[in-house]
Amino acid sequence: MSRAVAVAGTGKADRRRLGATELVWLALVGVTIIGAILVALDGQNLFSIANTRDVLSRSSLLGFVAIGQTLVILCRSLDLSVGYVMALSSLIAATTMNGDPARVPLAIVAVLVVAGAIGLCNGLIVSVLKVNPFIATLGVGLIIKGYLDTQYQGPAGEVPSSFQQFGFSRIGPVPLSTLVMLLVAVAGILFLRKTRTGYHMFAVGGSADVARLSGIRTGRVLVTAHVLCSIAAGLAGLLIAARFGTGSALVYNSGYDLESIAAVVLGGTLLMGGRGGIGGTIAGVLILAVLDTVFNILAVDPFFKDVLRGTIIVAAVAIYARRQIDRKASRIRFGGDGGSGGSAPPGSPPDSAPGDTGDPVPAGQGGAR
Amino acid sequence: MTVTTQQPAQGPAPQRSAGSRAGDLLARVFGGGSGTVFALLIVVFAAIFIVNPSFAEPPSLMAFLKQAAPLMILAIGQYFVIVSGEFDLSVGSLVGAQVVIAAALIDGEEGRTVPVILLMLGFGILVGLINGLITTLLKVQSFITTLGMMLVLYGAIRLWTGGAPTGALSEAFRQPGRGGIDLAVVRQLPWALMILIGVVIIAVAVMRSSYGRTLIATGDNERAAGFSGVRVWRVRTLAFVISSVLATLAAILIGGYAGVTAQVGQGMEFTAITAVVLGGVALGGGRGWVVAAMAGALTLEALFVLFNQLSMPSTIRPAVQGVIIIAAVAYAARERARPRHHQEVPSQSQSNEA
């Protein structure tokens with residue numbers, strides 16, 4: 001993992017980012033078509049209303065988490081505590097509401113405040129205490145887990161039916177929760193494209209040092225990203241409460257932390273930060289949702305599902321990485337700034353040095369070009 | 001860069017006396033990024049001894065080391081990958097997979113022990129090769145590669161056994177994990193400890209060899225390493241193979257010690273990574289000492305023992321663990337930021353990550 005990640009120059013990045021996002025949406029179309037064919041061979045229809053609804057409602061939960069995760073990853077950070085934040089949020093929501101419809105707004109505010117506070121902790125630990133985000137958020141997650149395990153032995157609280165509508169009602173074939181998720185996504189895209197802090201996130205992720213030297217308060221940007229990420233996870237927790245009708249601590253076992261990161265990377269955002277976007281992330285989430293629905297319709301063994309999902313994620317990212325290297329390589333060769341340019345998705349630098357031309361496999365680049 | 005991280009506060013000294021070598025070692029143990037972990041280790045052990053003085057007796061120490069050995073071996077493996085600038089999230093699943101494979105194939109028959117262990121080693125090497133080659137040649141970020149491998153192993157093993165592990169381990173297979181040589185003072189010198197010591201010696205030797213230097217250089221700046229003739233893909237792939245092989249070794253010890261369950265190895269990747277970072281090894285590569293990584297694992301295990309000794313409710317343990325980890329890493333980060341003034345500024349500042 002080279003450190004010389006580019007400052008995704010805000011002017012150029014726009015065009016490049018669009019290309020990457022398009023690629024992911026293309027992949028989504030491809031996955032959908034292949035899935036539809038497989039389902040059709042089984043004598044069913046992937047695009048039937050029930051199945052479409054299934055895809056969309058699957059995507060809403062992961063979507064919330066992944067949108068937040070995108071912001072954090074763009075800043076070259078990471079949030080492994082989202083699963084625990086979701087569990088805690090669902091419990092806070094359910095216990096605060098306690099079956100009383102009048103307390104719904106209070107519960108929502110409480111969830112957002114607590115989630116935001118957790119995000120603030122994450123952000124401050126990462127930016128002020130300089131703890132690696134992997135460890136910082138893992139540690140905060142453990143702390144929340146300790147609280148949850150001590151405080152709640154099982155499901156707690158009760159969600160009034162008016163709020164459960166958030167989980168179940170739909171407008172046409174589109175579940176309400178998916179609409180809200182898409183609204184949040186649009187807000188996120190506008191945030192990244194139109195606001196100063198949004199632009200700064202790309203800069204901080206590209207190179208924190210350069211960003212700092214150009215007068216960006218990198219710490220604040222990082223903290224903002226973490227707060228927004230946790231709030232997004234809090235929204236996911238609210239949705240869980242609405243769907244389950246109660247708060248559940250065991251949500252953190254469902255692996256939403258790693259899955260959201262997978263969705264973000266699948267969506268074309270670099271884990272090294274500085275490049276990507278929410279548009280791609282939504283496509284990544286939808287790809288995972290389509291896969292899950294297809295597996296479900298075809299009644300694939302749940303364990304085999306894991307195998308397939310792992311393989312597909314790696315394969316997709318491999319194809320994607322290949323595209324990126326091609327573009328990058330030509331830029332280095334013709335742009336004339338091989339040293340400084342945006343040259344570092346993981347491992348793009350030339351592995352083959354002048355000295356080992358005799359090498360039968362000239363390192364990674366041989367395959368890449 | 002390689003040299004400066006290895007011997008902080010030492011200029012080039014071609015021929016060093018034994019005395020300055022010892023001084024070097026001391027500087028390494030209590031200086032740089034790894035000081036925190038050794039200090040924490042001493043504090044935790046002191047706390048354990050105060051709570052339960054009988055823990056200081058050799059037999060219980062040996063029992064503790066026997067139990068801690070697998071995680072320490074895992075952490076050493078993880079160190080190689082992390083110091084080269086990558087992650088290996090698949091080790092937890094790999095440990096689980098290997099234990100289940102061993103139980104299913106041995107099925108209680110002594111004669112199959114050695115062939116199955118060889119097969120497991122082969123499988124470990126294969127997993128490491130796949131991880132490494134996908135990461136280096138296909139340019140997939142190792143976080144994703146090994147996450148995918150984790151899912152694949154998790155699913156494939158359960159698919160194969162139908163959800164629950166089948167078969168049984170042989171007595172010979174369980175020896176390394178639970179057996180030992182009977183001695184007077186310590187009652188039992190565990191095989192696990194001797195294997196651990198062997199692994200540590202080899203690991204230290206490897207890190208001092210040209211491969212180790214290359215590995216750190218690669219993790220620090222793969223471009224520079226590439227330009228100076230390092231075949232980055234080969235170096236990193238080998239690191240993944242080492243990690244998987246050591247995970248296999250850890251699986252043999254864990255299987256022997258704890259037996260076969262479906263949950264073996266779950267979450268161990270995070271514990272191992274935490275241990276390595278606790279040891280002052282920089283995530284992102286290029287900095288850290290393998291012995292400190294191992295000490296990080298030992299500290300975590302000691303912490304668990306301390307929780308037991310204090311009979312702390314099991315539900316609150318993760319929270320305490322989280323606080324201690326964050327505090328220790330934050331403290332180490334503070335420590336590392338300070339001595340930069342009297343070291344070479346340029347070489348350190350570029351590896352400073354946000």
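Because the structure is a prediction, the values reported are computed rather than measured. (Residues numbered from 1 in each chain as written. Chains lettered and ligands numbered in written order. Predicted model: local features only at pLDDT ≥ 70, side-chain atom pairs only at ≥ 80, totals over all residues.)

**Remarks on the overall build of chain B**
Put simply, the rule reads: Each helix corresponds to a stretch of at least 4 residues labelled H or I by DSSP, and each strand to a stretch of at least 2 residues labelled E; elements are numbered beginning at the N terminus. Here the contact rule is simple: place C-beta atoms from the backbone, and any two residues whose C-beta atoms are within 7 Å are in contact.
A count of helical and extended segments in chain B gives 16 helices and two strands. Counting contacts in chain B only where the partners sit at least 6 residues apart, residues at least 24 apart contribute 79% of the total.

**Thoughts on the packing of helix H4 (residues 58–83) of chain B against helix H13 (residues 268–278) of chain B**
Residues and elements named next belong to chain B. Under the convention used in this document: For helices, the fitted line uses only the C-alpha atoms of the stretch in contact; every axis is such a line through C-alpha atoms, and the angle between N-to-C directions lies from 0 to 180 degrees. Here the word oblique covers every angle except those under 35 degrees (roughly parallel), over 145 (roughly antiparallel) and from 65 to 115 (roughly perpendicular). Charged means Asp, Glu, Lys or Arg here, nonpolar means Ala, Val, Leu, Ile, Met, Phe, Trp, Tyr, Cys or Pro, and polar covers whatever is left, Gly included.
Two elements in contact, H4 and H13, have axes separated by 8 Å at closest approach and are oriented at 70°. The orientation of H4 with respect to H13, classified from their angle, is roughly perpendicular. Two secondary-structure elements touch here, H4 through Leu-71, Leu-74, Ala-75, Gln-78, Tyr-79 and Ile-82 and H13 through Met-268, Thr-271, Ala-272, Ile-273, Ala-275 and Val-276. Residue composition of the contact of H4 with H13, grouped by class: 10 nonpolar, two polar and no charged.

**With respect to the nonpolar core**
Stated precisely, the cut-off is as follows: In these notes, a nonpolar core means any group of buried Ala, Val, Leu, Ile, Met, Phe, Trp, Tyr and Cys residues linked to one another through C-beta atoms within 7 Å. Here exposure depends only on C-beta density: within 10 Å of a residue's C-beta, 20 or more other C-beta atoms make it buried, 12 or fewer make it exposed, and intermediate numbers make it partly exposed, the C-beta atoms being placed from the backbone.
Counting 220 residues, the largest nonpolar core has Met-72, Ala-75 and Ile-76 of chain B as its most contacted members. At 17 residues, the largest contribution of residues to this core is made by helix H10 (residues 218–244) of chain A. For Ala-75 of chain B, the contacting residues outside a window of four places in its chain are Ala-272, Ala-275, Val-276, Ala-293, Met-294, Gly-296 and Ala-297 of chain B.

**Focus: the pairing of strand E2 (residues 187–190) of chain B**
All names here are of chain B. Rules: One bridge is not enough; two strands pair if DSSP finds at least two bridges between them.
The pairing of strand E1 (residues 180–183) with E2 spans four bridges and is antiparallel. Bridge assignment links Gly-180 to a residue of E2, and that residue is Pro-190. Once E1 ends, the chain turns through three residues before running back antiparallel as E2.

**Observations concerning helix H7 (residues 142–161) of chain B**
Residues and elements named next belong to chain B. The condition that has to hold: One less than the number of residues in a helix, times 1.5 Å, gives the span that helix is expected to have.
The end-to-end C-alpha distance of H7, which contains 20 residues, comes to 28 Å, matching closely the 28 Å that a straight helix rising 1.5 Å per residue would cover. Of all 20 residues making up H7, 16 are buried, and the element is well covered by its neighbours. After H7 finishes, the residue Gly-162 shows a positive phi value of roughly 75°.

**Digging into the confidence of the model for chain B**
Residues and elements named next belong to chain B. Convention followed: pLDDT expresses, on a scale from 0 to 100, how confident the predictor is about each individual residue.
Model confidence for chain B is summarised by a mean pLDDT of 83, while 85% of its residues fall at 70 or above. Highest mean pLDDT in chain B belongs to helix H6 (residues 113–136) (94); lowest belongs to helix H16 (residues 345–349) (40). Low pLDDT, under 50, characterises residues 1–14; the stretch is placed with 20 contacts to residues that sit more than four places away or in other chains. Interface predicted TM-score (ipTM) for the complex: 0.81; the corresponding pTM is 0.81.

**Brief notes about the environment of Ile-242 of chain B**
Residue and element names in this part refer to chain B. By secondary structure assignment, the location of Ile-242 is in helix H12 (residues 232–258). Overall, Ile-242 belongs to the buried group, with 27 C-beta atoms counted inside 10 Å. In this structure the C-alpha to C-alpha distance between Ile-242 and Gly-128, which are 114 residues apart in sequence, comes to 7.3 Å. Here Ile-242 is in contact with Gly-77 and Phe-80, once residues within four sequence places are set aside.

**Examining the confidence of the model for chain A**
All names here are of chain A. The share of residues in chain A with pLDDT of 70 or more is 82%, and the mean pLDDT across the chain is 81. Considering each helix and strand of chain A separately, the mean pLDDT is smallest for helix H14 (residues 363–368), with a value of 35, and largest for helix H4 (residues 104–127), with 94. Predicted confidence for residues 1–18 stays below pLDDT 50, and this span has 47 contacts to residues more than four positions away or in other chains. Below a pLDDT of 50 lies the segment residues 326–369, which in the model reaches 76 contacts outside its immediate sequence neighbourhood of four places, other chains included.

**Some words on helix H10 (residues 210–220) of chain B**
For the α-helix, the turn length of 3.6 residues means that residues three or four positions removed from each other point alike. Judged by how many residues are buried, H10 of chain B sits mostly within the fold: eight of 11 residues are covered. Along H10 of chain B, the residues that are buried comprise Gly-212, Thr-214, Leu-215, Ile-216, Ala-217, Thr-218, Gly-219 and Asp-220 of chain B.

**So, unusual backbone geometry**
Residue and element names in this part refer to chain A. With a phi angle near 65°, Arg-76 is a residue other than glycine that sits in the positive phi range. Counting through the fold element by element, Arg-76 comes out in the loop between helix H2 (49–74) and helix H3 (82–97). For Arg-76, a count of 24 C-beta atoms within 10 Å corresponds to the buried category.

**Observations concerning the environment of Leu-23 of chain A**
Residues and elements named next belong to chain A. Structurally, the position occupied by Leu-23 is in helix H1 (residues 10–41). In this structure Leu-23 comes out as partly exposed when scored by C-beta crowding, with 17 C-beta atoms within 10 Å. Separated by 156 residues in the primary sequence, Leu-23 and Leu-179 place their C-alpha atoms 24 Å from one another.

**Observations regarding the packing of helix H6 (residues 161–168) of chain A against H10 of chain A**
Residue and element names in this part refer to chain A. Across the interface, H6 lies against H10 with an axial gap of 7 Å and an inter-helix angle of 110°. When the axes of H6 and H10 are compared, the pair comes out roughly perpendicular. Contact residues: Phe-163, Gln-164, Phe-166 and Gly-167 in H6; Leu-239, Ala-242 and Arg-243 in H10. Split by residue class, the contact of H6 with H10 holds four nonpolar, two polar and one charged.

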